[in-house]
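Coordinate analysis (summary)
Residues per chain are reported as follows:
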Amino acid sequence: LAALSPGPYHSWFRFDPLSLFDGIGRDNGSLLESLRRIIGVIREHGPYDGVYGFSQGATVAAMLCSETCWRHLGGLSEPPFRFAILANAGATWALHRCSLELADKSHVHASLPIAVPSLHLIGEKDRHKGESQRLVQAFDPKTEPLVYAHKFGHELPLQIAGDAALKETLRRLPDRLRRDDGGASVVA
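This is a predicted model, so every value here is computed, not measured.

Things to note about the nonpolar core
Counting 35 residues, the largest nonpolar core has Leu35, Leu64, Leu86, Leu95 and Leu135 as the members making the most contacts within it. Of all the secondary structure elements, the ones that give two or more residues to this core are α2 (31-45), α3 (56-65), α4 (67-73), β2 (83-87) and α5 (93-97). If you tally residues by element for this core, the top one is α3, at seven residues. Each residue touching Leu86, except ones within four places of it in the same chain, is listed here: Gly53, Ala58, Ala61, Ala62, Leu119, His120, Leu121, Leu135 and Phe139. Counting twelve residues, the second-largest nonpolar core is a separate cluster that includes Ile85, Leu121, Leu146 and Leu166.

Here it is, written out as structure tokens:
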């Protein structure tokens with residue numbers, strides 16, 4: 001990255017699995033700190049129709065859709081998003097292995113499967129393709145997760161915007177949404 005930009009550099013959490021417990025379960029620049037910061041924004045400005053995440057952000061977005069996170073960590077009474085679009089997911093091991101420390105000092109794991117409709121964009125040449133595929137499995141099959149595979153790597157180039165298969169997949173997303181308000185507000 002240093003060859004492309006002088007920084008500073010940011011990530012949602014430390015990627016090193018060896019620092020999983022001090023990097024995710026405690027308030028020190030961790031995933032927990034990131035989740036709390038995002039939940040604060042959701043409380044102040046939400047709820048939102050959807051959430052989008054790319055790479056490590058896809059895993060964070062999925063965690064925010066987990067009932068453990070939005071109910072127990074965030075104190076919300078319902079999911080803050082009606083759908084999730086998750087692109088080229090990375091570090092999905094964190095979703096399956098992290099333990100969130102709650103205010104009462106108890107620890108909980110992310111509740112799976114996640115019951116929010118989702119669209120997963122997966123690069124056929126992405127070195128993290130397996131991570132994206134594992135993330136699809138973390139969503140409840142009853143929500144019928146949608147998958148769009150593109151021919152690229154760990155990227156979403158503009159060429160996919162004109163792809164007929166992607167457009168058709170996007171048209172199917174509103175059918176997956178919860179109908180609490182009488183209809184979907186997604187435009188494909």
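Side note on the pattern of salt bridges
Taken as a whole, this structure holds five salt bridges when the rule is applied. Here Glu124 ties to Lys129 by a salt bridge, and the two come within 2.8 Å at their closest N and O atoms. Judged by relative accessible area, which is 41%, Glu124 ranks as partly exposed. When its relative accessible area of 22% is taken as the criterion, Lys129 is described as partly exposed. The partner of Glu131 in a salt bridge is Arg134, and the shortest N-O contact between them spans 2.6 Å.

Calculation notes
Residues numbered from 1 in each chain as written. Predicted model: local features only at pLDDT ≥ 70, side-chain atom pairs only at ≥ 80, totals over all residues. Heavy atoms only, no water. Core = buried A, V, L, I, M, F, W, Y, C linked by side-chain atoms within 4.5 Å. Buried < 20%, exposed > 50% of the residue type's maximum accessible area, 1.4 Å probe, protein only. Helix = DSSP H or I, 4+ residues; strand = E, 2+ residues; numbered from the N terminus. Contact = heavy atoms within 4.5 Å. Salt bridge = Lys/Arg side-chain N within 4 Å of Asp/Glu carboxyl O.

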